[in-house]
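A structural walkthrough
So the chains spell out like this:
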Amino acid sequence: MLADLADRIAHAHATRTPLRIRGGGSWLHAGRPCEGEPLDVSALSGVIDYEPGDLTLTAYAGTTLQELDRITGAERQWLALDPCAAPTATIGATVATASDGPLASTFGRVRDLVLGLECITGTGERVRAGGRVVKNVAGFDLVRLHTGAWGTLGVITEVTMRLRARPEQDDVFAICADDRTSLERRLAPLADLPIAPLALELLNAPLAASLGFEPRLCLLVRLGGNAERVAAQRRALDALGDVHEIALDRLHALRAADPTDHLVANITHEPSRFTDTWRHVSAFCDAHALWQPRVRGSIRRGLVRVSIPMPDEGAAHVGEWASFVRSIAPPGAHVTWEQLPMHAWPHVPCSVADRISTGLRRALDPAHILNRGLLGEPT
Amino acid sequence: MTRDALAAHLRALIGPRWVKERTAERTAYDADALPGYRALPSLVVLPGSREEIVSVVRLLAAHGIPFVPRGAGTGLSGGSLANDTVVIGLNRLTRIHSIDAANHIAHVEPGVVNAVLQRAVAPFGLLYAPDPSSQAACTIGGNVAENAGGPHCLKYGVTLNHIAAVTVCLPNGELVQFGSAVSEPDGYDLCGLFIGSEGCFGIATDVWVRLLPVAPAVRTLLADFSAMTDAARAVSAIIATGIVPAALEMMDQATIRAVEASIYAAGYPTDAAAVLLAEVDGLEAGLDADVRTIERCCREAGARDVRIATTETERARLWQGRKKAFGALGRIAPHLVVQDAVVPRTRLPAVLDAIAAIGARHGVNVCNVFHAGDGNLHPNISYDADNADESARVHAAMSEIMQACIDAGGTITGEHGVGLDKLGYMDALFTEPSLAAMCAVREVFDPERRANPGKVVPIHACREWAGRAP
Ligand SMILES: Cc1cc2nc3c(=O)[nH]c(=O)nc-3n(C[C@H](O)[C@H](O)[C@H](O)COP(=O)(O)OP(=O)(O)OC[C@H]3O[C@@H](n4cnc5c(N)ncnc54)[C@H](O)[C@@H]3O)c2cc1C
């Protein structure tokens, strides 16, 4: 299977045939322009090596997150990564797109959790980077290079991830207060509370409503650890308002893939500017009459994620796409678009146009066949 | 260009004081902390600012002259050795440009010493997590170049996990920034790629390090065992409970005795086969429950005794023994080779046995002091590098130890880098196409291979790739 895949890529290299890599397929709906014959790697699936005592797991790239959850869960362990994704999303695509979620503030982003990988370069060479141990500095760090490269530097075929033991207790609490209190006043006490949450997310009213909460600004706090630690932190939360415990699977709803007709963006800025970023994004949606945007924020990370329903007629409110895709983020912040209509993507600034990035692309995919166009790169 | 002419150019750029030509001056730069290797640089240049680094590198680029960046020279893999090459020393760049306490980020020059940074951020209730045992001397630039680790990296991660951005002077003199200090950019993770590049991709001129709040509470324990393998089993048992200790360090009897015989004596029991130093930190609530769990794991694995530090002085003393263990071992013989390899945690008992057997077979004394929670071994050998026979036996034992670690599914270095010392093992670890890909990546940064030439990837692998490149 791997040899066939390598041959196919080598052949595509020789004939300069663009390939479009497909894992679980959920990203294909993000609207990103990409040329090429489909190269399906979802069949490349299954766990290769899992020694619970080592807290590492090696799997083929096409293994689904759901499957990994099941296998590690049986050992009371987990891959502490919670990206918004369909259950069929694969670990290979998760690494390739560097997708993460609320847990990243505590457990790290994908780049912090991948220990090694194998991939096939654009010339059909099978290349290994990193390893199966939790610490490794042998050779240049091609693991980080492929993480988040969207398959443009190689088709990831196998990954080794760092796992964690599941916390003894893992509870989620919601604090929904009335919207008249200012955001600053609501968040200010957080800084001094003796809590170390696994995740700390702010949800706006439409998002809270879509999850079945009251349609109000809502703070979700996920606490983990031994019973004593969770109980003490739970008590500390009282300073924030009325605290409701919610079932963990309610939180899982946050992980659902965004509907395909939504615009989705992640905006990051300094954590100290979180409320400014939040307000800018909300005001932006208001100004464009984009109704019911679902906004959530990882407070400690300075990240605001927005998902905007965009039925066809909605596009009329957008105006110029070129300024739209940039001005959703306040000055100095960075916006990473996840979903956009196809015709909007060319307006997203290309982040791999610098000399080093283009050089890396040429070095590892000289015929420029892997996911061509996906990163808006110059051809 | 002759050496004299080059020196004259460089003096004009950065001032005569900062260009070292005399043999006596250059000899101070002829080694790092890897024993048995010496290499005399042709010149040593000490720029005092980012702009001076750029002008020096541009001059060298214009004349096709190779160079080796150097921090404090505490590297253990020969990374900053420069044989008849120009050394660019970064020790004068010691400014901490800013500490942003609200966003937990500091912007520093590459020559800032790790411990100096720690002291500077402490008043803000912050710390920089990577804490190599050499932190009193090693520089942030060197830490970035080696992706340095330390005892507390078990919970907090290595240098890679704590660098937000770097400004790099590429080997052609171009200044670029990788990563961002204020947001999370997309595109290729060039910051991640640069970390651990051992001076081969250019010189880090600015580093934005992430800081963490100092944990409100901490507990330190020392467990002692009558067998190394018991201690190793305790490590697995602790990790399996789900507790992530801030540190979990092991020392064997030879190390304990060296420490106790030195001025760093920490009160470790000298009749123990191994001690485990464990630390947990975080919120006060629930911490003692974790301590009890760890104590139980140790006792069930056969610990003779478990001691919990009750005062800050006691805690500092327990740590001092660990942090100064290399220094103590260094007193036993003229030279100390500090090895570095990683194995899956569950393989620790078997690999420790194998290491002991290898040492015995070659008649060398291996002492182990290491980051047990990560499976990151440091088998060390005290010896006399000037004794040819002993050196040969040490080298033979070390390569067998490396092979044993590779065979156990591990790697040849967890934090000290490949440099020159580990070049010979790269073929055993990586396939030819994997090494070729590394060379190809390096050539993007440095097409002329002038930055720290001959390190990290064996040269034959690069020739291979050159033959195949389009
Ligand atoms: C007693 C002792 C204990 C140690 N303990 C640890 C430990 O616990 N964990 C650990 O990880 N390491 C440890 N080390 C190894 C060493 O201290 C680290 O590798 C450290 O990061 C090296 O920093 P340095 O400033 O001394 O760099 P140097 O030795 O001067 O250089 C190391 C490498 O970095 C490159 N370099 C230096 N500065 C730059 C720059 N600004 N830009 C680009 N490249 C640069 C050099 O070319 C070289 O390849 C220990 C060493 C000793 C002697």
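Given the structure is predicted, the values throughout are model-derived calculations rather than measurements. (Residues numbered from 1 in each chain as written. Chains lettered and ligands numbered in written order. Predicted model: local features only at pLDDT ≥ 70, side-chain atom pairs only at ≥ 80, totals over all residues. Heavy atoms only, no water.)

**Brief notes about the domain arrangement of chain B**
Interface size is often expressed as the accessible area that is lost when the parts come together. All names here are of chain B. Cut-off, in case you're wondering: In this document the domain limits rely on a domain assignment from an automatic tool or a database. Contacts are assigned to residue pairs that have any heavy atoms within 4.5 Å of one another. Values labelled buried area give the accessible surface lost by two parts on being combined, using a 1.4 Å probe and summing over both. Just to be clear on terms, a salt bridge is a Lys or Arg side-chain nitrogen sitting within 4 Å of an Asp or Glu carboxyl oxygen.
Domain annotation for chain B reports domain 1 (3-89), domain 2 (96-213), domain 3 (215-332), domain 4 (333-429) and domain 5 (430-468). Computed over C-alpha atoms, the centres of domain 4 and domain 5 are 26 Å apart. At the interface, eight residues of domain 4 touch ten residues of domain 5. For the pairing of domain 4 and domain 5, the buried interface totals around 730 Å² over both sides, and the portion due to carbon and sulfur atoms is 63%. Three residues, L423, M426 and D427, lead the burial of domain 4 against domain 5; their summed loss comes to 62% of the area buried on that side. At the boundary of domain 4 and domain 5, one finds zero salt bridges.

**A short note on the packing of aromatic side chains**
Stated precisely, the cut-off is as follows: Pairing of aromatic side chains requires ring centres within 6.5 Å, counting the rings of Phe and Tyr and the six-membered ring of Trp. Pairs whose planes differ by under 30 degrees are stacked, by over 60 edge-to-face, and all others tilted. Numbering of helices and strands starts at the N terminus; helices are DSSP runs of H or I of at least 4 residues and strands are runs of E of at least 2. By definition here, charges over rings are those cases where NZ of Lys or CZ of Arg is within 6 Å of the ring centre and within 35 degrees of the ring normal.
Enumeration over the complete set of coordinates arrives at nine aromatic pairs over all chains. Ring centres of A:W78 and A:F107 lie 5.5 Å apart, and the angle between their planes is 75 degrees; this geometry places the pair in the edge-to-face category. Of this pair, A:W78 sits in strand β5 (residues 77-78) while A:F107 sits in helix α4 (residues 104-107), and the two are 29 residues apart along the sequence. Three or more aromatic residues joined by ring pairs make a cluster, and in this case those are A:F140, B:F178, B:F194, B:F201 and B:F445. Across the ring face of B:W18, the terminal group of B:R92 is positioned such that the distance to the ring centre comes to 3.6 Å.

**Some remarks on the packing of helix α8 (residues 228-240) of chain B against helix α13 (residues 348-362) of chain B**
All names here are of chain B. Stated precisely, the cut-off is as follows: Under this scheme, a helix contributes an axis fitted over its contacting stretch, all axes are lines through C-alpha atoms, and angles between N-to-C directions fall in the 0 to 180 degree range. The scheme is simple: roughly parallel for angles under 35 degrees, roughly antiparallel for over 145, roughly perpendicular for 65 to 115, oblique for anything else. Here is the rule for handedness: rotate from the far helix to the near one, and if that takes an anticlockwise turn smaller than a right angle the crossing is left-handed, while a clockwise turn gives right-handed.
Taken N-terminus to C-terminus, the directions of α8 and α13 make an angle of 155 degrees; their axes are 9 Å apart at the nearest point. By the criterion of interaxial angle, the relationship of α8 to α13 is roughly antiparallel. Crossing of α8 against α13: the hand is right-handed. Residues M228, T229 and A232 of α8 lie in contact with α13, whose contacting residues are L348, P349, L352 and D353.

**Observations regarding the pattern of salt bridges**
Definition in use: Only protein chains enter the area calculation, which uses a 1.4 Å probe; residues under 20% of their type maximum are buried, those over 50% are exposed, and those in between are partly exposed.
Overall, the coordinates contain 52 salt bridges over all chains when judged by the stated rule. One salt bridge in this structure joins A:E338 and A:R305, with 2.5 Å as the shortest N-O distance. Of the two residues, A:E338 sits in strand β17 (residues 334-339) while A:R305 sits in strand β16 (residues 303-309), which places them 33 residues apart along the sequence. Each member of the pair A:E338 and A:R305 is classed as buried. Put simply, B:K155 and B:D281 hold a salt bridge, and the shortest N to O gap is 2.6 Å. Taken together, the residues span a long stretch of sequence, with B:K155 in helix α6 (residues 153-156) and B:D281 in strand β14 (residues 274-282) at a distance of 126 residues. A residue is classified by how much of its surface remains accessible, and B:K155, at 28% relative accessible area, is partly exposed. Taken together, the shared-partner salt bridges in this structure form one network comprising A:D49, A:E118, A:R126, A:R128, A:R132 and A:E158.

**Concerning the interface of chain A and chain B**
Rules: Polar contact is the term for a pair of N or O atoms within 3.5 Å; when the atoms are in protein, one must be able to donate a hydrogen and the other to accept it, and sequence-neighboring residues count only if both atoms are side-chain atoms.
Contacts between the two partners involve 62 residues from chain A and, on the opposite side, 77 residues from chain B. Of the roughly 5600 Å² buried where chain A meets chain B, counting both sides, 58% is carbon and sulfur surface. Taken as a group, A:K135, A:V137 and A:F140 account for 17% of the area that chain A buries against chain B, more than any other trio of residues on that side. For the pair chain A and chain B, the number of links is seven salt bridges. One salt bridge in this structure joins B:E415 and A:K135, with 2.8 Å as the shortest N-O distance. Between the two partners, chain A and chain B, sit 25 residue pairs in polar contact (both at pLDDT 80 or more). Sorting the residues of the side of chain A that touches chain B by element identifies α5 (110-113), β7 (126-130), α6 (142-146), α9 (227-236), β17 and α14 (355-364) of chain A as the ones contributing at least two each. In terms of residue count, the dominant contributor to the side of chain A that touches chain B is α14(A) (eight residues).

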